[in-house]
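Next come the chains, spelled out residue by residue.
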Amino acid sequence: MFDLAIQSNRILTPEGIKTGVVLIDRGWIADIVDNVPQDVKEVIYLEDKLLMPGIVDTHVHINQPGRTEWEGFDTATRAALAGGLTMLVDMPLNSSPVTTTPAAFDAKKSSMAQLHTHVGLWGGIIPGNYDNIEPLIHKGVLGFKAFLTHSGIDDFPNATEADLRKAMPLLARYGLPLLVHCELTDKPANEPPWAPGSYPGYLSSRPKAWENRAIDLMIRLCEEFNCRVHIVHLSSAEAIGPIRKAKEKGLPLTVETGQHYLYFNAEEIADGQTAFKCAPPIREKANNELLWQALKDGIIDFVATDHSPAPPELKQLQSGDFKKAWGGIASLQFALPVLWTLARKRSASLNDIARWLCEAPARLAGVQASKGKIAQGYYADLVVWDPEKQFTVTESMIWHKHKVTPYLGESLYGVVEQTFLGGIRAYNDGHFLQLNKGQLVTASH
């Protein structure tokens, strides 16, 4: 007896789109068959609606504990569920304490009273916390994050090359990835002054050269230590060539970009529009077209939101001051439609979407054997959506804590209709049917 059968004429499998029936037993995909068998407790008929693996977003700032007024597990995982995301991996900042010690890991775990999707945790590498790395590994972190420039939070200072050289052999031994915010910043003496409200000024203040230098450093360290290195939120297209060469050499290097670097262009951002502020910044159209091509070519492995919300007053919406505004794009709920809206214009396939939002992020997080695919033996985290249906982003539909997002008013394709967590229909057409079904996902070492 199977718990559930989901019939669809469009099941997105690794081999392509199939017509059939997904059989679910005790939260797992037991089989994919042609017809609904007799021994099923419940059957859901989707007809032509698309059934895809649940989305895995490996770059999310949930901020709890300590800054839950920015975002928390309840609001973040609700938004995720409404957007078809079934697993998030939380960054070690901007919570307080930051996840750089076993005690901080335990504090974060204790704060997870409401988990509506699955959540994993990255640990953090900062100066002086080397002795905490292995204990964090044994707690079950999925990997580690480091900044090469100021993170924006003083209690998460940037790691130096010496810090990374010390940590990377240990990470390599455990096979865990090192995620790196790649900007090596400097302030030249002749930097021209720029008006606080100027987006071109903000853009010029964080040049591509900062990213390029940092990525060159990480490629060298990746080769020297044979440690898995993951470049987060790539925005400089000038780094694509070195990344391609590193991959051709077989280095264990992976790269993500963010939806906002593909969807928006600097030329379209008016002065004072601080909802668009992020670091690295959203760059020029020509640059972003090259990022898109690198994604299609497989040089960039996948796309992650870098959901990094803050209260509206910290975004300086009234003053429009890019110098003072918190840098971060809130977009968790719209990860799928934003990317699909772009992809459908550019002849990318639905299988590309599954690779960029499901399979490749699951691989980074080390859960590729159970999440990210519709296949026998995989966990039944699933999303039902309509790729042909269009909608406009409004404040009333947003589930994350604050409604500040540059996607307000944008017309997007791809409406999420249902989300399943372990075979349980948790979200259906704007309604949450089952909450608190998420679990903490840990690595075992």
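Right above here is the structure, for reference.
Just so it is clear, the model here is predicted, and its values are computed rather than measured. (Residues numbered from 1 in each chain as written. Predicted model: local features only at pLDDT ≥ 70, side-chain atom pairs only at ≥ 80, totals over all residues. Heavy atoms only, no water.)

Draft legend 1. Broad picture of the overall build of the protein. On a plain count of helices and strands, the protein comes out with eleven helices and 19 strands. When its C-alpha atoms are laid out on the principal axes, the protein stretches across 75 × 45 × 45 Å. Expressed as a percentage of its 445 residues, the buried residues of the protein come to 61%. Considering only residue pairs separated by 6 or more positions, the protein has 75% of its internal contacts joining residues 24 or more positions apart. Counting every atom, the protein has about 16,500 Å² of accessible surface; 48% of that belongs to carbon and sulfur. Taken together, the 43 basic and 50 acidic charged side chains of the protein have centroids lying 2 Å from each other. (Helix = DSSP H or I, 4+ residues; strand = E, 2+ residues; numbered from the N terminus. Buried < 20%, exposed > 50% of the residue type's maximum accessible area, 1.4 Å probe, protein only. Contact = heavy atoms within 4.5 Å. Areas by Shrake-Rupley, 256 points an atom, 1.4 Å probe, with all protein chains shown as cover. Lys, Arg positive; Asp, Glu negative; His and termini not counted. Charge placed at Lys NZ, Arg CZ, Asp CG, Glu CD.)

Draft legend 2. Representation of the packing of aromatic side chains in the model. Counted under the stated rule, the structure contains 16 aromatic pairs. A ring pair is formed by Trp194 and Tyr202, whose centres lie 6.3 Å apart and whose planes are at 55°; its orientation type is tilted. Overall, the relative accessible area of 16% leaves Trp194 in the buried class. If you follow Lys323 out to its NZ or CZ, it ends over the ring of Trp194, 4.8 Å from the centre. The ring of Tyr413 carries Arg344 above its face, with NZ or CZ at 3.6 Å from the centroid. (Phe/Tyr/Trp six-rings, centres within 6.5 Å; stacked < 30°, edge-to-face > 60°. Lys NZ or Arg CZ within 6 Å of the ring centre and 35° of its normal.)

Draft legend 3. Summary view of the pattern of salt bridges. As enumerated under the stated definition, the model contains 21 salt bridges in all. Here Lys18 makes a salt bridge to Glu15, at a shortest N to O gap of 3.8 Å. One salt bridge in this structure joins Asp352 and Arg355, with 3.0 Å as the shortest N-O distance. Remark: Arg355 and Asp352 occur in helix 11 (residues 350–364); sequence separation between them is three residues, near one turn of the helix. Arg355 gets classed as partly exposed once you look at its relative accessible area, which sits at 32%. (Salt bridge = Lys/Arg side-chain N within 4 Å of Asp/Glu carboxyl O.)

Draft legend 4. Fine view of unusual backbone geometry. For the bond running from Gln64 to Pro65, omega is 5°, close enough to zero to count as cis. With phi around 50°, Asn226 is a residue other than glycine that occupies positive phi space. For Asn226, the position within the fold is in the loop between helix 6 (208–225) and strand 12 (229–231). Relative accessible area serves as the criterion here: at 56%, Asn226 is assigned to the exposed category. Despite not being glycine, Ser347 shows a phi value in the positive range, around 60°. On the accessibility criterion, Ser347 (69% relative accessible area) is exposed.

Draft legend 5. Structural context of the pairing of strand 17 (residues 424–428). One ladder, built from four bridges, connects strand 16 (residues 411–421) with strand 17; its direction is antiparallel. Across the sheet, residue Phe420 finds its bridge partner in strand 17, namely Arg425. Sheet topology places strand 17 next to strand 18 (residues 431–432); two bridges connect them, and they run antiparallel. Within strand 18, the residue paired with Tyr427 across the bridge is Phe432. From the end of strand 17 to the start of strand 18, which pair antiparallel, there are two residues, and Asp429 there has a positive phi angle of about 50°. (Pairing = 2+ DSSP bridges.)

Draft legend 6. Inspection of the environment of Leu339 at higher detail. Counting through the fold element by element, Leu339 comes out in helix 10 (residues 335–345). Between the alpha carbons of Leu339 and Trp356 there is a distance of 9.3 Å; along the sequence they are 17 residues apart. Those residues in contact with Leu339, other than ones at most four positions away along the chain, are Gln259, Leu262, Trp292, Val303, Ile353, Trp356 and Leu357.

Draft legend 7. Inspection of the nonpolar core at higher detail. Ranked by internal contacts, the top residues of the largest apolar core, which has 109 residues, are Ile125, Leu164, Leu178 and Met218. If near-sequence neighbours (up to four positions away) are discounted, Ile125 is found in contact with Ile133, Phe144, Lys145, Ala146, Phe156, Ala159, Leu164, Ala167, Leu171 and Leu178. (Core = buried A, V, L, I, M, F, W, Y, C linked by side-chain atoms within 4.5 Å.)

Draft legend 8. Quick look at the state of the cysteines. Taken as a whole and assessed by the stated rule, the structure comprises zero disulfides. Free of any disulfide, Cys182 has its nearest neighbouring cysteine sulfur in Cys222, separated by 11 Å. No disulfide involves Cys227; its nearest neighbouring cysteine sulfur is the one of Cys222, lying 7.1 Å away. (Disulfide = S-S within 2.5 Å.)

Draft legend 9. Region of interest: the packing of helix 6 against helix 7 (residues 240–248). It is the contact of helix 6 with helix 7, at a shortest axis distance of 10 Å, that shows an interaxial angle of 10°. Taken together, the axis directions place helix 6 and helix 7 in an arrangement best described as roughly parallel. Contacts between helix 6 and helix 7 pair Ile215, Asp216 and Ile219 from the former with Pro242, Ile243 and Ala246 from the latter. Of the residues that constitute the contact of helix 6 with helix 7, the class distribution is five nonpolar, no polar and one charged. (Axes fitted to C-alpha atoms, helices over the stretch in contact; angles between N-to-C directions. Parallel < 35°, antiparallel > 145°, perpendicular 65-115°, else oblique. Nonpolar A, V, L, I, M, F, W, Y, C, P; charged D, E, K, R; others polar.)

Draft legend 10. Fine view of the pairing of strand 8 (residues 118–121). Side chains His118 and Gly120 project from strand 8 onto one buried face, and the interleaved Val119 and Leu121 project onto a second face that is buried too. The pairing of strand 7 (residues 85–90) with strand 8 spans four bridges and is parallel. Counterpart to Met87 in the pairing with strand 8 is His118.

Draft legend 11. Highlighting the environment of Val393. Looking at where Val393 falls in the secondary structure, it is placed in the loop between strand 15 (382–392) and strand 16. On the basis of relative accessibility, which here comes to 2%, the residue Val393 falls in the buried class. Through-space distance from the C-alpha of Val393 to that of Thr405 is 9.6 Å; in sequence the pair is twelve residues apart. Contact partners of Val393, with chain neighbours within four places excluded, come to Phe334, Ile398, Tyr407, Leu408, Gly409, Glu410 and Leu412.

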